[in-house]
Amino acid sequence: MKVPFVDLKQQYESIRLEVAAAIHRVLEATAFAGGPFVAEFEKKFAEFCDTRHAMGVSSGTSALWLALQACGVGPGDEVITVPNTFIATAEAISFTGAKPVFVDVEADSCLMDPRLLERAITRKTRAVIPVHLFGQMADMDPIMEIARDRGLVVIEDACQAHGALYKGRRAGSIGDAGAFSFYPGKNLGAYGEAGAVVTNNDRLAERISVLRDHGQIRKYYHSTIGWNGRMDGFQGAVLTVKLKYLEDWNRARRDNAALYNGLLSGLEDVRLPVEKSYGEHVFHVYMVRVPNRDELMSSLADREISCNIHYPVPIHLQEAYGFLGLQKGTFPVAEQCAAEMLSLPMFAELTAGQIVYVAHEIKGFMRQDVAAQDYAPFSAAGT
Ligand SMILES: *Cc1c(COP(=O)(O)O)cnc(C)c1O
């Protein structure tokens, strides 16, 4: 049985007529850059996130960068985040001119460890970016408390956490701003590139709106140096259609995760994802940890099961960030996660049959692996 890592086609087929009608409306209105379809989505997405404002932008990377820029982060500043995230989190910091500083993560969730935050703060620290990795929110209460105490801005990287909850509050609604990506494979995915910033802060919202549109306050009058970070009209229209189904899709992902959990529990060498008691995980990624990850991944690939690794190399060990001079061993928990993590197929339309098959093949691999270990002493003795 073939099990893809994600399958965008099935979801598209379930909404194709609505999407076609929405795209047709954009064509007829020739509202291609920003415009009413983006504005409609912004209104609905702000409601969904329980925030006063949502600003549609060109990508999640732009969302992070614009939020930092609007908060006045720039050269000479430090911004604290985690090393096990997509590179965009660090890139956005770098493109403001600030320096990324990392703190290690919690061993059970692979999310920012608030206990390590305080000691990473220096006189130069301006902002903190907790990353709600895999669809689960970081422990926001202690993070917010430390940040408020030290006068730091908090930008939530909610690019993998559309609809996730922390003590009943939505991802993106707790920090000064939240950054979302609508990259096609995300829980809420555009049919192209798109992102959004949400905030309850009116001044920040105004600044982001101006910055994403070349610093323009009125046509051809520019109050500041901005950038082209606008969302396009097609994406606004498609996202408005898809947002209606996001809760259903997230529920399906949670059900899929529960089925995986049930089938894989009790395997000694498989650590299942932990859902923290403070919130609700939306399983953008269903990540298990196994000691022999690479062998398992290739064995599953032989059986037409596609997996992924999020992410094999933590940012402080990426060539691009070599200039920071951070050695292996600096963030042991994140590095251990990187060595063991395996993301199993996960999307709303995944069937129970597919999940049972994946779990069955994982169990089969684990049995063989145990058998091979049992046999090893004999072969070692023979050489
Ligand atoms: C996807 C993602 C981004 C970047 O979003 P793009 O829309 O691809 O620019 C940033 N941070 C995290 C954690 C992501 O998963």
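## Re the site of the ligand
Reasoning step 1: Around the ligand, the surrounding shell holds 15 residues, and the nearest of these are Gly 60, Thr 61, Gln 160, Ser 181 and Lys 186.
Reasoning step 2: Thr 61 is positioned such that a nitrogen or oxygen atom in its side chain is 2.4 Å from an oxygen atom of the ligand.
Reasoning step 3: Relative to its free-state accessible area of 380 Å², the ligand is covered by the protein chains to the extent of 93%.
Reasoning step 4: More than half of the atoms of the ligand fall within 2 Å of the grid points belonging to the largest pocket.
Reasoning step 5: Take the shell around the ligand: its biggest share by element is three residues, from helix H3 (residues 60-70).
Reasoning step 6: Residue classes in the shell around the ligand are distributed as six nonpolar, seven polar and two charged.

## Some thoughts on the packing of aromatic side chains
Reasoning step 1: Going through the model one piece at a time under the given rule, you end up with 15 aromatic pairs.
Reasoning step 2: An angle of 75° between the planes, with centres 6.0 Å apart, marks the rings of Tyr 12 and Tyr 191 as edge-to-face. Note that Tyr 12 is positioned in helix H1 (residues 8-29) and Tyr 191 in the loop between strand S8 (177-181) and strand S9 (195-199), a separation of 179 residues in sequence.
Reasoning step 3: Accessibility expressed as a relative area gives 26% for Tyr 12, which makes it partly exposed.
Reasoning step 4: You can call Tyr 191 partly exposed: its relative accessible area is 32%.
Reasoning step 5: Between the aromatic rings of Tyr 166 and Tyr 278, the centroid separation amounts to 4.7 Å while the plane-to-plane angle is 55°, which identifies the pairing as tilted. Residue Tyr 166 is located in strand S6 (residues 165-166), and its partner Tyr 278 is located in the loop between helix H9 (246-264) and strand S12 (279-280); the two are separated by 112 residues in the primary sequence. Across the pair, Tyr 278 and Tyr 166 agree in class, each one buried.
Reasoning step 6: One aromatic cluster is present, built from ring pairs that chain together Phe 41, Phe 45, Phe 48, Phe 180 and Phe 182.
Reasoning step 7: Taking NZ or CZ as reference, Arg 170 lies 4.2 Å from the ring centre of Phe 48, over its face.
Reasoning step 8: One residue, Arg 218, lies across the ring of Tyr 221, its end atom 4.1 Å from the ring centre.

## Considering the domain arrangement of the chain
Reasoning step 1: In terms of domain boundaries, the chain breaks down into domain 1 (8-104 + 111-243) and domain 2 (246-372).
Reasoning step 2: Here the C-alpha centroids of domain 1 and domain 2 sit 25 Å apart.
Reasoning step 3: Taken residue by residue, the interface counts 40 residues in domain 1 and 33 residues in domain 2.
Reasoning step 4: Here domain 1 and domain 2 share an interface that buries about 3200 Å² over both sides, 62% of which is from carbon and sulfur atoms.
Reasoning step 5: Of all residues in domain 1, Phe 134, Gln 136 and Asn 187 bury the most surface against domain 2, accounting for 24% of the area lost on that side.
Reasoning step 6: For the pair domain 1 and domain 2, the number of links is one salt bridge.
Reasoning step 7: Glu 247 is the salt-bridge partner of Arg 170, the closest N and O atoms lying 3.1 Å from each other.
Reasoning step 8: There are 24 residue pairs in polar contact (both at pLDDT 80 or more) connecting domain 1 and domain 2.
Reasoning step 9: Elements with a contribution of two residues or more to the side of domain 1 that touches domain 2: H1, helix H4 (87-94), strand S3 (99-102), S6 and helix H8 (233-243).
Reasoning step 10: Top contributing element to the side of domain 1 that touches domain 2 by residue count: H4, with four residues.

## With respect to the environment of Thr 125
Reasoning step 1: Relative to the elements of secondary structure, Thr 125 occurs in strand S4 (residues 125-128).
Reasoning step 2: A C-alpha to C-alpha distance of 42 Å links Thr 125 and Glu 268, two positions 143 residues apart in sequence.
Reasoning step 3: When neighbours within four sequence positions are excluded, Thr 125 is seen to be in contact with Glu 78, Ile 80, Ala 120 and Leu 152.
Reasoning step 4: Among the polar contacts made by the side chain of Thr 125, one reaches the main-chain amide nitrogen of Thr 122 at a distance of 2.8 Å.

Basis of the calculations
Residues numbered from 1 in each chain as written. Predicted model: local features only at pLDDT ≥ 70, side-chain atom pairs only at ≥ 80, totals over all residues. Heavy atoms only, no water. Near = heavy atom within 4 Å. Polar contact = N/O pair within 3.5 Å; in protein donor to acceptor, adjacent residues only side chain to side chain. Areas by Shrake-Rupley, 256 points an atom, 1.4 Å probe, with all protein chains shown as cover. 1 Å grid on protein atoms, 1.4 Å probe; cavity = no way out; pocket = protein on both sides within 12 Å on 5 of 7 lines; lining within 4 Å. Sits in = over half its atoms within 2 Å of the grid points. Helix = DSSP H or I, 4+ residues; strand = E, 2+ residues; numbered from the N terminus. Nonpolar A, V, L, I, M, F, W, Y, C, P; charged D, E, K, R; others polar. Phe/Tyr/Trp six-rings, centres within 6.5 Å; stacked < 30°, edge-to-face > 60°. Buried < 20%, exposed > 50% of the residue type's maximum accessible area, 1.4 Å probe, protein only. Lys NZ or Arg CZ within 6 Å of the ring centre and 35° of its normal. Domains from an automatic or database assignment. Contact = heavy atoms within 4.5 Å. Buried area = accessible area lost by both parts, 1.4 Å probe. Salt bridge = Lys/Arg side-chain N within 4 Å of Asp/Glu carboxyl O.

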